[in-house]
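Chain by chain, the residues run as shown.
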Amino acid sequence: SIAFGTDNQIAMYIDGTSQLILKDGQFHPSTDSDVNLGKDDKYFKDAFIDTITTTGNTTIGGNLTVTGDYTVNGDTTIIDTATLSVEDPLIVLASGNNAADSVDIGLYGLYDTSGSLDLYAGLFRDASDSGKWKLFKDNQAVPTTTVNTSGTGYATGTLVANIEGAVTGN
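Below is a short write-up of the structure. Because the structure is predicted, anything quoted here is derived from the model rather than measured.

1. Some remarks on a nonpolar patch on the surface
Stage number 1. A surface patch of nonpolar side chains, about 640 Å² in accessible area, is lined by Ile79, Leu84, Val86, Ile91, Leu93 and Leu107.
Stage number 2. With respect to the secondary-structure elements, Val86 resides in the loop between strand S4 (26–29) and strand S5 (105–111).

Structure follows, in structure tokens:
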């Protein structure tokens, strides 16, 4: 049934229970998290919406194209992709490291030469060693905010390169 009993409001009932309310500038369910928009085998074609606010998880079954800025807030962002293409020429790392030089900065990867032992290798700026850049390999400790240079298996990586200019040190 449809009820017009309240001024400037239309209420829609199913089985005697209020399900939807329509009033000036609002169309909403009568109770929180009770009414689906569409169903698992019947979808709306297109939605034209200014903003979306969700309080739960969001699953997108097809492609997602973002034409404006895309901001992710949270502690962990996982990108599980075969190809990552970045147009920007510089990638910012450790952007929150502006109060104290307390985290290492770099890149690392996971590899397994034996089939049963995870190892990590990479390049990083060591905050605890005067900001020296280091190549490492064979570390069994997963890098977090720092690379554990005392971790089991940690070894200095080898750089194969042509070097131009002055070289100092051993």
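2. Notes on the sheet that holds strand S8 (residues 155–156)
Stage number 1. The sheet built from 4 strands is open, its strands ordered S5-S6-S7-S8 with antiparallel pairing. With partners counted over all chains shown, the strands left at the sheet margins are S5 and S8, one partner each.
Stage number 2. Note: strand S6 (residues 119–126) against strand S7 (residues 132–139), 6 bridges, orientation antiparallel. Paired with Tyr120 across the strands is Asn139, a residue of S7.

3. What about the layout of surface pockets?
Stage number 1. In this model, the largest pocket occupies a volume close to 760 Å³.
Stage number 2. Residue lining of the largest pocket: 13 residues in total, with Tyr70, Val72, Thr77, Ile78 and Ile79 positioned closest to the centre.
Stage number 3. Grouping the constituent residues of the lining of the largest pocket by class yields 8 nonpolar, 4 polar and 1 charged.
Stage number 4. Its boundaries defined by the atoms lining it, the second largest pocket holds a volume of some 640 Å³.
Stage number 5. Together, 15 residues line the second largest pocket, and Leu37, Phe44, Ala47, Ile49 and Ile52 are the ones closest to its centre.
Stage number 6. Along the lines of polarity and charge, the residues of the lining of the second largest pocket split into 6 nonpolar, 5 polar and 4 charged.

4. Topic: the nonpolar core
What tends to happen in soluble globular proteins is that the nonpolar side chains get buried as a cluster.
Stage number 1. Formed by Tyr120, Phe124, Phe136, Val147 and Tyr154, the largest nonpolar core amounts to 5 residues.
Stage number 2. Not counting residues up to four positions away in its chain, the partners in contact with Tyr120 are Tyr108, Gly109, Leu110, Tyr111, Phe136, Lys137, Asp138, Asn139, Gln140, Ala141, Val142 and Pro143.

Quick notes on the rules
- Residues numbered from 1 in each chain as written.
- Predicted model: local features only at pLDDT ≥ 70, side-chain atom pairs only at ≥ 80, totals over all residues.
- Heavy atoms only, no water.
- Patch = residues over 30% accessible without salt bridge, like charges linked within 9 Å, V, L, I, M, F, W, Y side chains within 5 Å.
- Areas by Shrake-Rupley, 256 points an atom, 1.4 Å probe, with all protein chains shown as cover.
- Salt bridge = Lys/Arg side-chain N within 4 Å of Asp/Glu carboxyl O.
- Helix = DSSP H or I, 4+ residues; strand = E, 2+ residues; numbered from the N terminus.
- Pairing = 2+ DSSP bridges.
- 1 Å grid on protein atoms, 1.4 Å probe; cavity = no way out; pocket = protein on both sides within 12 Å on 5 of 7 lines; lining within 4 Å.
- Points joined across faces, edges and corners; volume = space filled by probe spheres on them.
- Nonpolar A, V, L, I, M, F, W, Y, C, P; charged D, E, K, R; others polar.
- Core = buried A, V, L, I, M, F, W, Y, C linked by side-chain atoms within 4.5 Å.
- Buried < 20%, exposed > 50% of the residue type's maximum accessible area, 1.4 Å probe, protein only.
- Contact = heavy atoms within 4.5 Å.

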